[in-house]
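One letter stands for each residue in the lines below.
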Amino acid sequence: MLASLTGCFYWWRTYLTYLQLGEFDAHFSISVAEDFTVHFKHPILLSEDFVSLAKLRASEEIKTSLGELWEYRFRN
């Protein structure tokens, strides 16, 4: 319980997501059209976890019937 109050659980969820990478096709899919999309089939990370780890908010957050679509635009 103490770990959940200190925010340490996002590291645990990150580790579990890392373990999923070992069986990438079972847990993720990628689609490429005009954009590049990674689909989490069995998501463990929360939105807040991703923002904390990446230190980067989405360029645009779009609400859909299934949740939110986050778009990140990278330009050089």
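What comes next is a walk through the structure. Keep in mind the model is a prediction, meaning the values are calculated, not measured. (Residues numbered from 1 in each chain as written. Predicted model: local features only at pLDDT ≥ 70, side-chain atom pairs only at ≥ 80, totals over all residues. Heavy atoms only, no water.)

## Re the pairing of strand β3 (residues 60-64)
Argument step 1. Of the pairings in the sheet, the one linking β3 to strand β4 (residues 67-71) comprises 5 bridges and is antiparallel in character. The partner of Glu61 across the bridge, within β4, is Trp70.
Argument step 2. The hairpin formed by β3 and β4 contains 2 residues between the paired strands. (Pairing = 2+ DSSP bridges. Helix = DSSP H or I, 4+ residues; strand = E, 2+ residues; numbered from the N terminus.)

## Looking at the pattern of salt bridges
Argument step 1. Enumeration according to the criterion identifies 5 salt bridges in this entry.
Argument step 2. Here Arg13 makes a salt bridge to Asp49, at a shortest N to O gap of 2.5 Å. One end of the pair, Arg13, is in helix α2 (residues 9-20); the other, Asp49, is in helix α4 (residues 47-54), with 36 residues separating them in the sequence.
Argument step 3. By relative accessible area, which is 4% here, Asp49 ends up buried.
Argument step 4. Glu60 is the salt-bridge partner of Arg73, the closest N and O atoms lying 2.4 Å from each other. Linking Arg73 in the segment after β4 with Glu60 in strand β3, this pair joins segments that are 13 residues apart in sequence.
Argument step 5. On the accessibility criterion, Arg73 (37% relative accessible area) is partly exposed.
Argument step 6. Overall, the relative accessible area of 33% leaves Glu60 in the partly exposed class.
Argument step 7. Linked by salt bridges that have partners in common, Glu60, Glu71 and Arg73 make up one network. (Salt bridge = Lys/Arg side-chain N within 4 Å of Asp/Glu carboxyl O. Buried < 20%, exposed > 50% of the residue type's maximum accessible area, 1.4 Å probe, protein only.)

## Structural notes on the side chain of His27
Argument step 1. Mapped onto the secondary structure, His27 falls in helix α3 (residues 24-27).
Argument step 2. Look at His27 and you get buried, because its relative accessible area is 18%.
Argument step 3. Contacts of His27, omitting those with residues within four sequence positions, involve Gln20, His39, Phe40, Lys41 and His42. (Contact = heavy atoms within 4.5 Å.)

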